[in-house]
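Observations on the three-dimensional arrangement
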Amino acid sequence: DLNGQTVGGLEFADVDNDGDTDDLTALYIGEAAGKLKFRMDLTGDVVIAGANDRGQSVKTLQVYGEAAEVEITLAGGARKVVVGAWDGGGLNATYVTTLQVKGNRKQGLAAKMQDVDVALTGQDGRGRSLKSLRVRGPLDGVDLDLAAAAGKLRGAEWNDVTVDGTYVRELRSGGAFDDV
């Protein structure tokens, strides 16, 4: 955690700029990144403050375990964000091509996306904030705030979910839609 630390004469007070100086910041990168893989649960925030010439902050960000109260903040977009399970927190970026929550059988982790706020403030080169969302388990208390269009949004079950965007190509559930 960098909050409250001094490195090379630079004091970090609020690394992820969320107004909370006591939260755990797991990773801060000042420039665009390629593939980031966390082969464990993730409990700290992730901040990628740079982007490449295509506006992409990270090609792939993958958490094999559970992301618990994790805020992912990207200066640009992401090609792929994959999480085993997501319980609290959010994702802030300009766009995400593919967002998946798929569980992890080896860890006995069931897929779920619960109490997560996704705010995508821009669009990719094809005019989409989010091309694909696939959650192999339930979405519960999820807010999707999209500046532009979305492609396919799929989940096993939708409970108390808000989708705000200009257009959604397909919304699919393997079970119930409850308060969507």
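Residues numbered from 1 in each chain as written. Predicted model: local features only at pLDDT ≥ 70, side-chain atom pairs only at ≥ 80, totals over all residues. Heavy atoms only, no water.

Take the overall build of the protein chain next. A tally of regular secondary structure across the protein chain gives zero helices and 15 strands. Here the protein chain holds 180 residues, and 45% of them are scored as buried. Pairs at least 24 apart in sequence give 36% of the contacts found in the protein chain among residues at least 6 apart. For the protein chain, the accessible surface area stands at approximately 8900 Å², while carbon and sulfur atoms represent 42% of it. (Helix = DSSP H or I, 4+ residues; strand = E, 2+ residues; numbered from the N terminus. Buried < 20%, exposed > 50% of the residue type's maximum accessible area, 1.4 Å probe, protein only. Contact = heavy atoms within 4.5 Å. Areas by Shrake-Rupley, 256 points an atom, 1.4 Å probe, with all protein chains shown as cover.)

With that settled, consider the environment of Gly 151. Here Gly 151 is to be found in strand β12 (residues 149-159). In this structure Gly 151 comes out as buried when scored by relative accessible area, which is 7%. Put simply, Gly 151 and Glu 170 are 19 residues apart on the chain and 6.2 Å apart in space, counted from C-alpha to C-alpha.

Before going further, it helps to examine a negative patch on the surface. Judged by side-chain charge, Glu 69, Asp 115, Asp 117, Asp 140, Asp 143, Asp 145, Glu 157, Asp 160, Asp 164 and Asp 178 come together as a negatively charged surface patch. Take Asp 178: it is sitting in strand β15 (residues 177-178). (Patch = residues over 30% accessible without salt bridge, like charges linked within 9 Å, V, L, I, M, F, W, Y side chains within 5 Å. Salt bridge = Lys/Arg side-chain N within 4 Å of Asp/Glu carboxyl O. Lys, Arg positive; Asp, Glu negative; His and termini not counted. Charge placed at Lys NZ, Arg CZ, Asp CG, Glu CD.)

Grouped together as the largest cluster of nonpolar side chains are 39 residues, with contacts concentrated most on Trp 86, Val 96, Leu 99, Met 113 and Leu 133. It is strand β6 (residues 56-74) that contributes the most residues to this core, seven residues altogether. Once residues lying within four places of it in the same chain are set aside, the contact partners of Leu 133 are Leu 99, Met 113, Leu 139, Leu 144, Lys 152, Leu 153, Arg 154 and Trp 158. (Core = buried A, V, L, I, M, F, W, Y, C linked by side-chain atoms within 4.5 Å.)

This brings us to the confidence of the model for the protein chain. If pLDDT is low for a region, its predicted coordinates should not be looked at in detail. For the protein chain, per-residue confidence averages 88 on the pLDDT scale, and 85% of positions sit at 70 or higher. In this model residues 7-11 is a low-confidence stretch, pLDDT under 50, and it forms four contacts with partners more than four residues away in sequence or in other chains. (pLDDT = per-residue confidence, 0-100.)

Two side chains with opposite charge may pair up if their charged atoms get near one another. Tallying each qualifying case throughout the model produces three salt bridges. In this structure, Lys 112 engages Asp 87 in a salt bridge whose closest nitrogen and oxygen atoms are separated by 3.4 Å. With Lys 112 in the loop between β8 (96-101) and β9 (113-120) and Asp 87 in strand β7 (residues 77-93), this pair connects stretches of sequence that are 25 residues apart. Among the residues examined, Asp 87 registers a relative accessible area of 24% and is labelled partly exposed. With a closest N to O distance of 3.4 Å, Asp 124 and Arg 128 form a salt bridge. Looking at Asp 124, the relative accessible area reads 14%, which means it is buried.

Here we take up the environment of Val 101. You can see Val 101 is positioned in strand β8. Each C-alpha atom, one on Val 101 and one on Glu 66, is 9.6 Å from the other, the two residues being 35 residues apart in sequence. If sequence neighbours within four positions are ignored, Val 101 has contacts with Val 83, Gly 84, Ala 85, Trp 86, Ala 111, Lys 112, Met 113, Arg 134, Val 135 and Arg 136.

Our next topic: the pairing of β7. Of all 17 residues in β7, 13 are buried; the element is thus mostly enclosed. In this sheet, β7 lies alongside β6 in parallel orientation, the contact comprising 13 bridges. Its bridge partner lying in β7, Val 63 is registered against Val 83. In this structure, β7 lies alongside β8, joined through five bridges in parallel fashion. Across the sheet, residue Val 81 finds its bridge partner in β8, namely Leu 99. In the sheet, β7 pairs with β9 via seven bridges, with the strands oriented parallel. Following the sheet pairing, Asn 92 is matched in β9 by Ala 119. (Pairing = 2+ DSSP bridges.)

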